[in-house]
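Breakdown of the fold
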Amino acid sequence: GCESVTRVSGKDQDTMVGRWKDGRVGTVNAARPYADYGALVFQGKQVVENHPKAGATDYRPLVVEIVKFFQTGQPPVANEETLEIFAFMDAAQRSKEQGGKPVALR
């Protein structure tokens, strides 16, 4: 449901802002040089941290899903969601190339 993405680049980070059809806005901040991966998710007053040093530090959950996929042929993420993720990344790259102009998802 994301309609458009704006990406602004600076020396040490990129910030992407997605706008959804229902009025929601989401941001992604990517720091450089690259550091440990992780995420902070803000939803209302709730904050969820997902970081390897804050919890599980192995790839077991990912490997379990990969094995399940090979056994069943059923992907863990719907094709539509995967395509929307790629469309978001594509729009973010096109926005960066256009100096931070908002770009509609294809």
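Now for a quick tour of the structure. (Residues numbered from 1 in each chain as written. Predicted model: local features only at pLDDT ≥ 70, side-chain atom pairs only at ≥ 80, totals over all residues. Heavy atoms only, no water.)

1. So, the pattern of salt bridges
Applying the stated criterion across every chain yields a total of five salt bridges. In this structure, Glu65 engages Lys68 in a salt bridge whose closest nitrogen and oxygen atoms are separated by 3.2 Å. With Glu65 and Lys68 both in helix H1 (residues 60-72) and three residues apart, this pair spans about one turn of that helix. Given the relative accessible area of 41%, Lys68 is considered partly exposed. A salt bridge links Asp90 to Arg94; the nearest nitrogen and oxygen atoms lie 2.9 Å apart. Of this pair, Asp90 and Arg94 both sit in helix H2 (residues 79-97), four residues apart, which is roughly one turn of the helix. (Salt bridge = Lys/Arg side-chain N within 4 Å of Asp/Glu carboxyl O. Helix = DSSP H or I, 4+ residues; strand = E, 2+ residues; numbered from the N terminus. Buried < 20%, exposed > 50% of the residue type's maximum accessible area, 1.4 Å probe, protein only.)

2. Some words on the sheet that holds strand E3 (residues 25-31)
One open sheet holds the four strands; their spatial order is E3-E2-E1-E6, and the pairing between them is antiparallel. In this open sheet, the two edge strands, each paired with only one partner strand, are E3 and strand E6 (103-104). Sheet topology places strand E1 (residues 2-9) next to E6; two bridges connect them, and they run antiparallel. Bridged to Val5 within E6 is Val103. The sheet strands contacting H2 are E1, strand E2 (13-20) and E6, and the helix crosses E1 at an angle near 40°. (Pairing = 2+ DSSP bridges. Contact = heavy atoms within 4.5 Å. Axes fitted to C-alpha atoms, helices over the stretch in contact; angles between N-to-C directions.)

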